[in-house]
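Chain and residue survey
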Amino acid sequence: LAGRAEEGAAEYELTRAIELPPLIASSQDFDGFERPATLPNFVGQGRVTAEVAVLTDGDAGTGIELSGKVVSTTRADPGYDWLFAHGIAGLVTQYGGANSHMAIRAAELGLPAAIGVGDTLFERLTRARLVILDCAARRIEIQA
């Protein structure tokens, strides 16, 4: 049983290492692909310069300091409403659209947000220390 568990764990790690294109249109898409540039959905006209707090699944309630920071998270569904009670300065999500729950909530609260920035920009944000989120100019500037 232990051997099968180890095999399963090894297979799981292998599948995690495989990256597929966001849209598969033909079998040639498996040979190679380029990540498409995604245009974020900017919410509001606000501008904020702040440290980045990367929030991963399971980080809720783990004591990560969020106050005054731009929170960067993969997705932000209604289960992430608790973020707004922590005095965050801004919100960036990897996935989502202009009509998503968090986009609407950010607009209601006047919170600068970029919803659905895509894979490439999101990965850069997870390594950033400081970010300028300028919704009026429709840009995100990453400071190393």
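This text goes with the structure placed above it.
The rules behind the values
- Residues numbered from 1 in each chain as written.
- Predicted model: local features only at pLDDT ≥ 70, side-chain atom pairs only at ≥ 80, totals over all residues.
- Heavy atoms only, no water.
- Pairing = 2+ DSSP bridges.
- Helix = DSSP H or I, 4+ residues; strand = E, 2+ residues; numbered from the N terminus.
- Axes fitted to C-alpha atoms, helices over the stretch in contact; angles between N-to-C directions.
- Contact = heavy atoms within 4.5 Å.
- Patch = residues over 30% accessible without salt bridge, like charges linked within 9 Å, V, L, I, M, F, W, Y side chains within 5 Å.
- Areas by Shrake-Rupley, 256 points an atom, 1.4 Å probe, with all protein chains shown as cover.
- Salt bridge = Lys/Arg side-chain N within 4 Å of Asp/Glu carboxyl O.
- Buried < 20%, exposed > 50% of the residue type's maximum accessible area, 1.4 Å probe, protein only.
- Arc of directions from axis to C-beta.
- Right-handed = clockwise from strand over helix to strand, strands pointing away.

Here we take up the sheet that holds strand β1 (residues 41-43). The mixed open sheet is built from seven strands, whose spatial order is β1-β5-β4-β3-β2-β6-β7. This sheet does not close on itself; its edge strands, each paired only once, are β1 and β7 (139-143). Recorded for the sheet is a direction-independent mean angle of 25° between the axes of neighbouring strands. Against the sheet, helix α2 (residues 101-109) contacts β1, β4 (90-93) and β5 (113-115), and its axis sits at roughly 25° relative to β1. Across the sheet, helix α3 (residues 119-126) touches β2 (47-55), β3 (70-73), β4, β6 (130-134) and β7, and the angle it forms with β7 is around 35°.

Before going further, it helps to spend a moment on a nonpolar patch on the surface. Together, Leu14, Ile18, Leu20, Ile24 and Phe30 make up an exposed nonpolar region whose accessible area comes to about 510 Å². Inspection of the secondary structure assignment puts Ile24 in the loop between α1 (2-17) and β1. Residue class for Ile24 comes out partly exposed when judged on its relative accessible area of 41%.

Looking now at α3. Buried within α3 are the following residues: Leu121, Phe122 and Leu125. The buried residues of α3 occupy an angular sector of 100° when the element is viewed end-on, so they sit on one face. Lining the buried residues of α3 we find β2, β3, β4, β6 and β7.

Turning to the pairing of β4, a few remarks are in order. Burial along β4 is two-sided: Gly90 and Val92 facing one way and Leu91 and Thr93 facing the other are all buried. Bridge analysis of β3 against β4 gives four bridges, and the strand direction is parallel. When the sheet's bridge partners are listed, Val71 is paired in β4 with Leu91. The pairing of β4 with β5 spans two bridges and is classified as parallel. Bridging across to β5, Val92 finds its partner in Ala114. Note on the crossover from β4 through α2 to β5: the handedness is right-handed.

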